[in-house]
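Descriptive structure summary
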Amino acid sequence: CLLLSSGALRRVGLDNGNGGFAAIVSQSSAVEYLLSAIDRHPEMRAAAMSLPIFSLGAHPRKVFSCTPEQMAIDAFELMEKQRVSGIAIVDSKGQLLGGLSAKDR
């Protein structure tokens, strides 16, 4: 979890305890697991939801964005140049309209 929360990796391999490979865990599957654990143990919900985001290992990062009028290729070039996996789509006032992910290519 520490490697995933650092932002250095998006997926990590898990050892099966016998020196073999067991599985790959992604950031999204780790979040899904945590949310399902909270659902199974409602007494944890209040404590988990009252934690500041930074205490969970989130680090502030600049958010890159484009407008719906910009060419898709420009958005993907921005992601590549800034080494990010997604950008925000915003209107002329900076209001969030949606997001674009590198997986959308």
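Model, not experiment: these values are computed from the prediction. (Residues numbered from 1 in each chain as written. Predicted model: local features only at pLDDT ≥ 70, side-chain atom pairs only at ≥ 80, totals over all residues. Heavy atoms only, no water.)

Brief notes about helix α4 (residues 72–82)
For α4, the complete set of buried residues consists of Ala75, Phe76 and Met79. Along the axis of α4, the buried positions cluster into a sector of 95°, meaning they face one direction only. Facing away from the buried surface of α4 by more than 90 degrees, the exposed residues are Glu80 and Lys81. Where α4 terminates, the next one or two residues include Arg83, which has phi positive at roughly 60°. (Buried < 20%, exposed > 50% of the residue type's maximum accessible area, 1.4 Å probe, protein only. Helix = DSSP H or I, 4+ residues; strand = E, 2+ residues; numbered from the N terminus. Arc of directions from axis to C-beta.)

With respect to the nonpolar core
Phe64, Cys66, Ala75, Phe76, Met79, Val84, Ile87, Ile89 and Leu100 together form the largest nonpolar core, which totals nine residues. Of all elements in the fold, only α4 and β4 (86–90) reach the threshold of two or more residues within this core. (Core = buried A, V, L, I, M, F, W, Y, C linked by side-chain atoms within 4.5 Å.)

Considerations on the confidence of the model for the protein chain
Averaged over every residue, the pLDDT of the protein chain is 74; the share at 70 or more is 67%. In the model of the protein chain, helix α1 (residues 2–5) stands out as the element of lowest mean pLDDT, 46, in contrast to α4, which has the highest, 92. This model gives residues 1–5 a pLDDT under 50, and the stretch forms 14 contacts once residues within four places in sequence are excluded. (pLDDT = per-residue confidence, 0-100. Contact = heavy atoms within 4.5 Å.)

Looking at the sheet that holds β4
Read from one edge to the other, the open sheet built from three strands follows the order β3-β4-β5, with strand pairing classed as mixed. Where the open sheet ends on each side, the last strands, each with one partner, are β3 (65–66) and β5 (96–101). With five bridges connecting them, β4 and β5 associate as antiparallel partners. Across the sheet, residue Gly86 finds its bridge partner in β5, namely Ser101. (Pairing = 2+ DSSP bridges.)

Some remarks on a nonpolar patch on the surface
Together, Val31, Leu35 and Met49 make up an exposed nonpolar region whose accessible area comes to about 290 Å². Inspection of the secondary structure puts Val31 in helix α2 (residues 27–40). For Val31, a relative accessible area of 46% gives the class partly exposed. (Patch = residues over 30% accessible without salt bridge, like charges linked within 9 Å, V, L, I, M, F, W, Y side chains within 5 Å. Areas by Shrake-Rupley, 256 points an atom, 1.4 Å probe, with all protein chains shown as cover. Salt bridge = Lys/Arg side-chain N within 4 Å of Asp/Glu carboxyl O.)

Observations regarding unusual backbone geometry
A positive phi angle is found at Arg83, which is not glycine, with a value near 60°. Checked against the element boundaries, Arg83 lands in the loop between α4 and β4.

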